[in-house]
Structure formats: structure tokens, C-alpha cells
Amino acid sequence: MRKAVIISAPSGSGKTSIVKCLLKEENRLGFSISATSRKKRAGEIDGKDYYFISRQDFLEKIEHNEFVEWQEVYKDVFYGTLKIEVERIWNQGKAVIFDVDVKGGINLKNYYGDKAISIFIAVRDAATLENRLRNRKTETEKELKARLAKSADEMKFAGRFDSMIINDDLRVSCLEACKKVGNFLNGED
């Protein structure tokens, strides 16, 4: 099953929670662990949450064409999808699921085309997003402001995805995502 499920959203929209729900409910999916040059946050595990690599190592992997896609999401902070990670999941007979930023999601959809479904997760308004980001307590005020500014720009790309889910209620959003992904994996999209 060489299919891909792409879940993208501005930070704080709930994409990681929806991806976790999909992984719990759909055993045909395998999670693609992204690589990043950013520092680990408290509780994150290398090789589980991300592959944490140095900026220099990341640039070398770019030079050697080891990524399906990559982005400099913030100044000197890179994220990307390693080709070997996708192959690892496909070799298990599973469809790969990506939890990626918006531009990464667009790049992955362009790369995989009809083999992929891309779903954009959004919130009702900017105030909701700001509240969620503040409640996470994972960013400094400066980082928070950068994420909010970036999210306003990212919302402009929602129409480039196959579908969109407004995440007002996580349980309802998870059910909607499970239905969309199940239909895609069953060839019913």
C-alpha cells in the first residue's frame, strides 16, 4: 500500500492530536517521523517525536537529496521528511501519515499526487488559535508571536488541500478525519 496521508495546519490547530487519533483508530497507517534542526522540547524523544539533528547535518542531508521535502520553517530551523522514513513505513505494508507544516504538506501532495490525500486542519478564528498556543506553554512570547504571524499566512493555503476540517471539537474532528482517511485507503475518495 504505497499511499500517503498528509495532515497539515498552523501550529495550535490540533493536527498532532488528530494524527494521534488516526494512528489509534486506523491500523493501516504508519507515522512518518520528521527530522528537525530545532532543539528538543521537554518530554520529546529523539526517534519518536522527531529525528533531532544539527543544522549542519540537516544541510548535508539536503545536499545529498535525502529528503522528500524540507523547509526552513523559521530562521535556521529546518523540518523535513526523510526518504528512508517513508520507505520504512511502506516496507511494513502501511500507508504513511505525515504531521507537517502547511508548506511541507503542499510539497508532499505535489510529490505524491493521487497517491496522497491532504487534509488541512483549521480553527474557527485567530483568537482560538492564540488561546491554544498560550495554553500549551511551549513557546516564549517572541516565538508565540512568530507562530501567530505565520499562521495568518498559512491560512491562505487552505484551498490547496484536498479537504479541510474546522477543529472546534477534537472528538468530532477526529471522527471526520477517520472517515476521510478510511475512504481514501479503501479507494472510495
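A brief report on the enclosed structure follows.

Observations regarding the sheet that holds strand β2 (residues 29–31)
Strand order in the open sheet formed by 5 strands is β2-β7-β1-β8-β9, with parallel pairing between adjacent strands. Looking along the sheet, the strands with just one partner apiece sit at the ends: β2 and β9 (163–166). On average, adjacent strands in this sheet sit at an angle of 25° to one another, irrespective of strand direction. Across 5 bridges, the pairing between strand β1 (residues 4–8) and strand β7 (residues 95–100) is parallel. Directly across from isoleucine 6, in β7, lies its bridge partner phenylalanine 98. Each of β1, β2, β7 and β8 (116–122) touches helix α1 (residues 15–25); the most contacted strand, β7, lies at about 165° to it. Running at roughly 160° to β9, helix α7 (residues 170–185) makes contact with β1, β2, β7, β8 and β9 of the sheet.

Some points on the sheet that holds strand β3 (residues 35–36)
What the 4 strands build is an open sheet, ordered β4-β3-β6-β5; its pairing is mixed. Looking at strand neighbours, the two that pair on one side only are β4 (51–52) and β5 (67–74), the edges of this open sheet. As judged from the 2 bridges shared by β3 and β4, these two strands associate in the parallel manner. Bridging across to β4, threonine 36 finds its partner in phenylalanine 52.

Scoring rules and cut-offs
- Each residue is numbered by its place in its chain's sequence as written, counting from 1.
- Side-chain atom pairs in this predicted model are given and counted only at pLDDT of 80 or more, local residue features only at pLDDT of at least 70, and totals for whole chains, interfaces and linings cover all residues.
- Where side-chain values are given, they derive from all heavy atoms of the structure, hydrogens and water being excluded.
- The pairing criterion is simple: DSSP has to find at least two bridges between the two strands.
- Secondary structure follows DSSP: runs of H or I at least 4 residues long count as helices, runs of E at least 2 residues long count as strands, and numbering of each begins at the N terminus.
- As a rule, the C-alpha atoms of each element are fitted with a line to give its axis, helices using only the stretch in contact, and angles between N-to-C directions run from 0 to 180 degrees.
- Should any heavy atoms of two residues lie within 4.5 Å, those residues are counted as being in contact.

Limitation: the analysis is restricted to geometry and does not speak to function.
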